[in-house]
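An overview of the molecular structure
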Amino acid sequence: AQKVTQAQTEISVVEKEDVTLDCVYETRDTTYYLFWYKQPPSGELVFLIRRNSFDEQNEISGRYSWNFQKSTSSFNFTITASQVVDSAVYFCALSEDKAAGNKLTFGGGTRVLVKP
Amino acid sequence: ETGVTQTPRHLVMGMTNKKSLKCEQHLGHNAMYWYKQSAKKPLELMFVYSLEERVENNSVPSRFSPECPNSSHLFLHLHTLQPEDSALYLCASSQREAAYEQFFGPGTRLTVL
């Protein structure tokens, strides 16, 4: 069975600090997909990034960057020069390549609090 | 309307009431989902509909009854709920293949008295 672990439940930083969120996953499949979502206080989950298991290239999007390491089953997320608007709960998720439906398994989430 | 919408946004109900949550997606997707988010278990998948057929039912009590009349609409019918069912109920939609991200609605905050 698949599993996603986000060991950090809450991280508090001061604005402009960098913050890295850890995500470790377990799966028996060779083809799978990893996602990060952001949930601001309003409640709606916002999609940030998707990565497939065959693409280990790291990615940068503005102040966000992702480090995918298949050897350690990790897909970590870094926010550089954090801002107050980055305060939210961030979820890592895993989807396996199954025929019937697109089933996401979420980690427990990491709450990020950015203080001015 | 764009994206995924959910109504109502807030609902308070007694344990003997019957109510329904509605979800509508305007993205042309062919799969829809119900999730429950509470303080104890952050994001639990409840039901998955793919091409309007239920393909996943994660041991959800029968007091929750989903309905998917077409690819754009999803309902969650509620009856004789318990206070521990109080949570944020999130609807999502996507293309049915695993490679695609799910798009979420804003959720319905449910309180059972």
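These notes cover the structure that comes with them. Computed from a predicted model, the values in this text were never measured in an experiment. (Residues numbered from 1 in each chain as written. Chains lettered and ligands numbered in written order. Predicted model: local features only at pLDDT ≥ 70, side-chain atom pairs only at ≥ 80, totals over all residues. Heavy atoms only, no water.)

Some details on the interface of chain A and chain B
Every contact between the two is made by 23 residues of chain A and, on the other side, 26 residues of chain B. For the pair chain A and chain B, the interface holds one salt bridge. Among the salt bridges present, the one from glutamate 101 of chain B reaches arginine 50 of chain A, with a minimum N-O distance of 2.3 Å. The interface formed by chain A and chain B holds three residue pairs in polar contact (both at pLDDT 80 or more) in total. (Contact = heavy atoms within 4.5 Å. Salt bridge = Lys/Arg side-chain N within 4 Å of Asp/Glu carboxyl O. Polar contact = N/O pair within 3.5 Å; in protein donor to acceptor, adjacent residues only side chain to side chain.)

Observations regarding the environment of glycine 14 of chain B
All names here are of chain B. Relative to the helices and strands, glycine 14 resides in the loop between strand E2 (10-13) and strand E3 (18-25). On the accessibility criterion, glycine 14 (22% relative accessible area) is partly exposed. For the pair glycine 14 and lysine 40, spaced 26 residues apart in sequence, the C-alpha to C-alpha distance is 22 Å. (Helix = DSSP H or I, 4+ residues; strand = E, 2+ residues; numbered from the N terminus. Buried < 20%, exposed > 50% of the residue type's maximum accessible area, 1.4 Å probe, protein only.)

Examining the pattern of salt bridges
Residue and element names in this part refer to chain A. What the rule picks out here adds up to five salt bridges over all chains. In this structure, the salt-bridge partner of arginine 51 is aspartate 55, at a minimum N-O distance of 3.3 Å. For arginine 51, a relative accessible area of 6% translates into the label buried. Through salt bridges with shared partners, one network takes in Arg51, Asp55 and Glu59.

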